[in-house]
Amino acid sequence: MSAAARADDPPARLAADGPNLLPGSEPQSFWRMAMGVVKEPMFLMLLAAGTGYLLLGDTAEASFLLASVFLIVALTLFQQRKTQRALEALRELSAPRALVLRDGKELRIACREVVRGDVLVLREGDRIAADAVLLEGTLEVDESLLTGESVPRPRRPRDAQEHRPDPGAENGASLYAGTVITQGAGLARVHATAGRTAMGRIGVALATTQAPASRLYRQSRRIVRGFAGAGLAVAALLVLLAWLRDGQGFVASLLPAIAFAMAVLPEEIPVVLAVFLALAAWRLSGQKILTRRVDAIEVLGAITVLAVDKTGTLTLNRMALVELAGADTVFKPGGDAPLPAALTELVECAMLATPLNPFDPMEKAIRAVGDSCLGPDSKARLGTVPARQYPLTPQLLAVTHAYGTNVPGRYVLDTKGAPEAVMDLCRLQGHPREAVQSQVQDMAARGLRVLGVACGEWVGSGLPASQREFTLRFVGLLGLADPLRATVPQAVQDCREAGIRVIMMTGDHPVTASAIARQAGLPNPSDVLTGADIDALDDASLRIRLRSAAICARLRPEQKLRLVRALQADGGTVGMTGDGVNDAPALKAADAGIAMGERGTDVAREAAALVLLDDSFASIATAIRQGRHVDDNVRSAVRFIFAVHMPIVALALVPALLRWPVLLLPAQIILLELIIDPACSILFEAQPADPKLMRRPPRPATDSPFSLRNMAYGLSQGFGLALVLLTANGYMLQQGWPAGEIRTALFVSLVAGLFLLVLVHRHSVNILRNPWLPRLAIAVAVLLSLVLWLPWLRGVMGFVAPSTRGAAGLLVILGIMTLWLLALRLVSVASRKA
């Protein structure tokens, strides 16, 4: 092995082996995007129109159209690249990370930076970054990705040289990239990365797994395909009509038909959705909210129920041990007073029931107090490793550590856990149990998380399989405080004003949960539904009970899935938070699964649609606000698109049917597209949010921007504009205006009408506050000036020089259009108030 590839030189190893990425994860190339654009219907129709003009000998028109092909391609590629950059930045943020030991220090790095020789620090819920050999600890690993077997496999250390791939082997030490730790913690040394892992050899490439298209995107594609099909069918009839009825040549009759097909195609809709959602996701990432699936933003505006964890979401997850309670003594650590001798045993037992290097904030708090209050010779500070650890289970919320002694067959037991579970292990009954319960109620009522502590002995040839076989002695209680986040009461109030119910989920004591709920401002803080209550209720009864209960306490992780389904069955659109391995099914089942970024497991983050990088409840409210804002802007853009296309379609279709001179040529439609596209994808996307956004009820989950109810307003606007323009055309023809002068007056009127649509559109916020409006106005003015005053360009467009009569006609048409749009707006406002 060369010096450049030594295990203790990670940068050199990374340079030699390459990043820890599976093959095929590169972003889409420029040429692939370009090929996708070439296949778009608008591109093909432009080519057909340009070719048609060449065949007719109109080189100027043909040159303009073929040149505009490149302009359209450039504009589309710019929009796609803008979207792709936002999504790539999100993927960079959401890339899996690994905890490694380098130079004796723990470092959190991107998985792609993991190299051979790295030591991985593994904990429950982690997805393993590379193939490795377990050095320390005992793990249960879900290897279903490789073996198809859903039952987790045990992994224990052995000779580090034995690292032959053996997925599924019992009690092996080999760990594999992509598999998930379901239980335990340990250290493992990496021996293979990237395509050299078992996953890489099997040929699993993440890039081949395409995320399903969102509901809105699928709807938009159906609408575009529907309009394209209808447009082509009518265009074919127009070709036959012009060819057979009017005796025109085939190529000459084809051009008006192409113009109509271009006019009827609302190709802006997919672009609007892609740009709006991607940029919204990027903005959320700046507010510490990571969007793992962009389509989740669609759902945020419809959320009616938020089921959130207490610890770390409503609270700061900064546990502090603030109270120690024995039989007759209460002590509050943190001051100058020494630990009372009567409570020394309580602290020692709690320390001995806690891991030496804890990950849980609560256990860290216990160790911090023990290290400060106990002397260096205390048995709890000697670093003794237990002979056996009995983990907390859903059936028994307690942890016991059993320590061997100098006497064979004799073990010392130390236990901590939920007070009722510890009392059961101590066989407390009658008055002693009531006295402890009274202490628990008093501490919990002050918002403390309460743990019971017990100790005991076991004598026998071996330790039993279950903690329940122990008979322990109750030692005392620990009171831990986790302060409420300062932003939570206001965020809860915001959600209430927005018509969103907040349900708190916690494994804490019901009285503690009620106290925190009261501080947070949740309704009915005394109405608590416990895990035992949930088990006792059938599905129908649970749905009814959840209509009033805002607190679920003593909850087990697996019960969250049932809660989500019950809320959904009752008509709710559910957002749910979670952080553990067992939360993943509920996060997937929720309409918007929200994982914790700081304390969440890899499995929970991968199952969720959103990840809160700061674990704060206020961030959830921010995400909902952004979701509603995007929904508003998408609806405005869709209404505008249909309003715009109505008069364009009418001006392309009606003259062909009534044998009027052609009003819209393909070149003119291209010019209109250069105005419509930026208006949709830039102007409407940048529209500021409604200040009353979070004071409106959630929209129904089934309410789509493409519903007739939403589009009717835009269609009505467009119908009025089309009627005004066609009426003006008929009047001008009757008055003997030349075709070029009519075409010029109506086209300028149409462009001005499009701008009027932007100004009087039903926005939640005054459009004049939009920073892009002046830029669009200047761009439109410059474009019209070039078209009307440059003779060559004016000839290509089929226009004539502006005249006084044309200007007067333009003013009349604009006046009538303005009256129509304002009248519609007044009717719309009145109907909404009614």
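None of these values were measured; they are calculated from a predicted model.

Asker: Mind showing me how you'd approach the overall build of the protein here?
Answerer: Looking only at helices and strands, the protein features 29 helices and 22 strands. Expressed as a percentage of its 834 residues, the buried residues of the protein come to 53%. Partitioning the intrachain contacts of the protein with sequence separation of at least 6 by distance along the chain shows that 70% fall at a separation of at least 24.

Asker: Before we go on, may I ask you to explain helix H26 (residues 739-760) in this structure?
Answerer: Three- or four-residue spacings in an α-helix give side chains the same orientation, since the helix completes a turn every 3.6 residues. For H26, built from 22 residues, the straight-helix expectation of 32 Å at 1.5 Å per residue is met to within 8% by its first-to-last C-alpha distance of 31 Å. Summarising burial for H26: 18 of the 22 residues are buried, a large majority.

Asker: Just checking my understanding: could you explain the sheet that holds strand S21 (residues 592-596) for this structure?
Answerer: Each strand in a sheet pairs with its neighbour through backbone hydrogen bonds, running either in the same direction (parallel) or in the opposite one (antiparallel). Reading across from one edge, S8-S22-S21-S20-S9-S17-S19-S18 is the order of the eight strands in this open sheet, with mixed pairing throughout. Edge positions in the sheet fall to strand S8 (289-291) and strand S18 (528-530), since each of these pairs with one other strand and no more. Neighbour-to-neighbour, the strand axes of this sheet turn through a mean angle of 20°, independent of strand direction. Judged from the three bridges that link them, S8 and strand S22 (residues 610-612) form a sheet pairing that is antiparallel. Each residue of the ladder has a partner; that of Leu 290, found in S22, is Val 611. Across the sheet, helix H20 (residues 559-569) lies against strand S9 (305-309), strand S17 (501-505), strand S19 (551-553) and strand S20 (574-578), angled at about 170° from S20, the strand it touches most.

Asker: Honestly, the pairing of strand S13 (residues 398-404) in this entry has me stumped. Any pointers?
Answerer: Within a regular strand, side chains alternate between the sheet's two faces. Burial of S13 is extensive: six of the seven residues sit out of reach of the surface. Pairing analysis gives three bridges linking strand S12 (residues 388-390) to S13, with the strands arranged antiparallel. Residue pairing for S13: Arg 388 is matched across the bridge by Ala 402. Here S13 folds back onto strand S14 (residues 410-417) in antiparallel fashion, the turn holding five residues, of which Gly 409 has a positive phi close to 80°.

Asker: Would you mind going over the environment of Leu 726 with me for this structure?
Answerer: Its place among the elements puts Leu 726 in helix H25 (residues 708-734). Taking the C-alpha atoms as reference points, Leu 726 and Leu 746, separated by 20 residues in sequence, lie 8.9 Å from one another. Once residues within four sequence positions are removed from consideration, Leu 726 is found in contact with Ala 650, Leu 651, Val 654 and Trp 660.

Asker: It is not clear to me how the pairing of strand S10 (residues 320-325) should be interpreted in this structure. Could you clarify?
Answerer: Where S10 meets strand S16 (residues 473-481), five bridges bridge the pair, whose relative direction is antiparallel. Its bridge partner lying in S16, Leu 321 is registered against Leu 480. Of the strand pairs in this sheet, S10 and strand S11 (residues 330-331) are connected by two bridges, and their pairing is antiparallel. Residue pairing across strands places Leu 324 opposite Phe 331, the latter belonging to S11.

Asker: How should the packing of helix H23 (residues 617-658) against H25 be read in this particular structure?
Answerer: Helix packing geometry: the angle between the two helix axes and the distance between the axes. Packing of H23 against H25 leaves a shortest axis separation of 7 Å and a crossing angle of 30°. Between H23 and H25, the crossing angle belongs to the class labelled roughly parallel. Classified by chirality, the crossing of H25 by H23 is right-handed. Contacts from Arg 635, Val 638, Arg 639, Phe 642, Ala 643, Met 646, Pro 647, Ala 650, Leu 651 and Val 654 in H23 reach Asn 710, Met 711, Tyr 713, Gly 714, Leu 715, Gln 717, Gly 718, Phe 719, Leu 721, Ala 722, Leu 725 and Leu 726 in H25.

Asker: Quick question: what am I supposed to make of the sheet that holds S13 here?
Answerer: Read across the sheet, seven strands follow the order S11-S10-S16-S15-S14-S13-S12 without closing on themselves; strand pairing throughout is antiparallel. Edge positions in the open sheet fall to S11 and S12, since each of these has one partner strand only. Those strands touched by helix H13 (residues 361-373) are S10, S14, strand S15 (449-459) and S16, and its axis lies near 65° from that of S10. On the sheet, helix H15 (residues 430-445) packs against S10, S15 and S16 and is oriented at approximately 5° with respect to S16.

Asker: Please explain the confidence of the model for the protein as it appears in this structure.
Answerer: Low pLDDT marks regions whose predicted coordinates should not be analysed in detail. For the protein, mean pLDDT is 81; residues scoring 70 or higher make up 83% of the total. Here helix H4 (residues 59-94) stands out as the least confident element of the protein, with mean pLDDT 60; S14 is the most confident, with 95. When the criterion is pLDDT under 50, residues 1-7 qualifies, and its contacts beyond four places in sequence or with other chains add up to nine contacts. In this model residues 160-171 is a low-confidence stretch, pLDDT under 50, and it forms 32 contacts with partners more than four residues away in sequence or in other chains.

Asker: Where do I start with the side chain of His 509 in this structure?
Answerer: You can see His 509 is positioned in the loop between S17 and helix H17 (510-520). Accessibility expressed as a relative area gives 13% for His 509, which makes it buried. Only 3.1 Å separates the side chain of His 509 from the backbone nitrogen of Val 511, close enough to count as a polar contact.

Reading guide: rules and limits
Residues numbered from 1 in each chain as written. Predicted model: local features only at pLDDT ≥ 70, side-chain atom pairs only at ≥ 80, totals over all residues. Heavy atoms only, no water. Helix = DSSP H or I, 4+ residues; strand = E, 2+ residues; numbered from the N terminus. Buried < 20%, exposed > 50% of the residue type's maximum accessible area, 1.4 Å probe, protein only. Contact = heavy atoms within 4.5 Å. Expected span 1.5 Å × (residues − 1). Pairing = 2+ DSSP bridges. Axes fitted to C-alpha atoms, helices over the stretch in contact; angles between N-to-C directions. Parallel < 35°, antiparallel > 145°, perpendicular 65-115°, else oblique. Left-handed = near helix turned anticlockwise from the far one by under 90°. pLDDT = per-residue confidence, 0-100. Polar contact = N/O pair within 3.5 Å; in protein donor to acceptor, adjacent residues only side chain to side chain.

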